[in-house]
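Coordinate inspection notes
If you want the building blocks of each chain, they are given just below.
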Amino acid sequence: MCNLSQSVEEKGIQKGRKEERLLLLKNLMESTGMNIEHAMAALGIPEVDWQKYRKLLAAQ
């Protein structure tokens, strides 16, 4: 596969993961009453990404 195709594919995978994590976070928080920090820790989201997901959830 050429580099451009690999780059496009990787960006698509990253976007899909981000969207899936957001959905999982919302579902976990709604179904358990967990706060966002506990939900991110439970899902194994690296702490370096927590601020990004806080912003994404706030924007929804």
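The structure this text deals with has already been given above.
First, a word on scope: everything that follows refers to the structure included in this document.

1. A look at the overall build of the protein
Helix and strand counts for the protein stand at three helices and zero strands. Each helix (α) and strand (β) of the protein, taken in turn from the N terminus, gives the series α-α-α. For the protein, whose C-alpha radius of gyration is 14 Å, the value lies well above the compact-globule estimate of 10 Å for 60 residues. Taken along its principal axes, the extent of the C-alpha atoms in the protein is 45 × 20 × 20 Å. The buried share of the protein, reckoned over its 60 residues, is 15%. In the protein, the proportion of contacts linking residues at least 24 apart, taken out of those at least 6 apart, comes to 37%. If you sum the accessible surface of the protein, you get close to 4,500 Å²; carbon and sulfur atoms cover 54% of it. Each charge class in the protein can be summarised by its mean position, and for the 9 positive and 8 negative side chains these summaries are 5 Å apart.

2. Observations regarding the packing of helix α2 (residues 36-43) against helix α3 (residues 50-58)
Look at α2 against α3: their axes get within 11 Å of each other, and the N-to-C directions meet at 125°. One element, α2, and the other, α3, form an angle in the oblique class. Crossing geometry of α2 relative to α3 is assigned as right-handed. Residues Ile36, Glu37, Met40 and Ala41 of α2 touch α3, and the partners they reach there are Trp50, Tyr53, Arg54 and Leu57. Across the contact of α2 with α3, the residue classes tally to six nonpolar, no polar and two charged.

What counts, and where the lines are drawn
Residues numbered from 1 in each chain as written. Predicted model: local features only at pLDDT ≥ 70, side-chain atom pairs only at ≥ 80, totals over all residues. Heavy atoms only, no water. Helix = DSSP H or I, 4+ residues; strand = E, 2+ residues; numbered from the N terminus. Rg over C-alpha atoms; globule rule 2.2 N^0.38 Å. Buried < 20%, exposed > 50% of the residue type's maximum accessible area, 1.4 Å probe, protein only. Contact = heavy atoms within 4.5 Å. Areas by Shrake-Rupley, 256 points an atom, 1.4 Å probe, with all protein chains shown as cover. Lys, Arg positive; Asp, Glu negative; His and termini not counted. Charge placed at Lys NZ, Arg CZ, Asp CG, Glu CD. Axes fitted to C-alpha atoms, helices over the stretch in contact; angles between N-to-C directions. Parallel < 35°, antiparallel > 145°, perpendicular 65-115°, else oblique. Left-handed = near helix turned anticlockwise from the far one by under 90°. Nonpolar A, V, L, I, M, F, W, Y, C, P; charged D, E, K, R; others polar.

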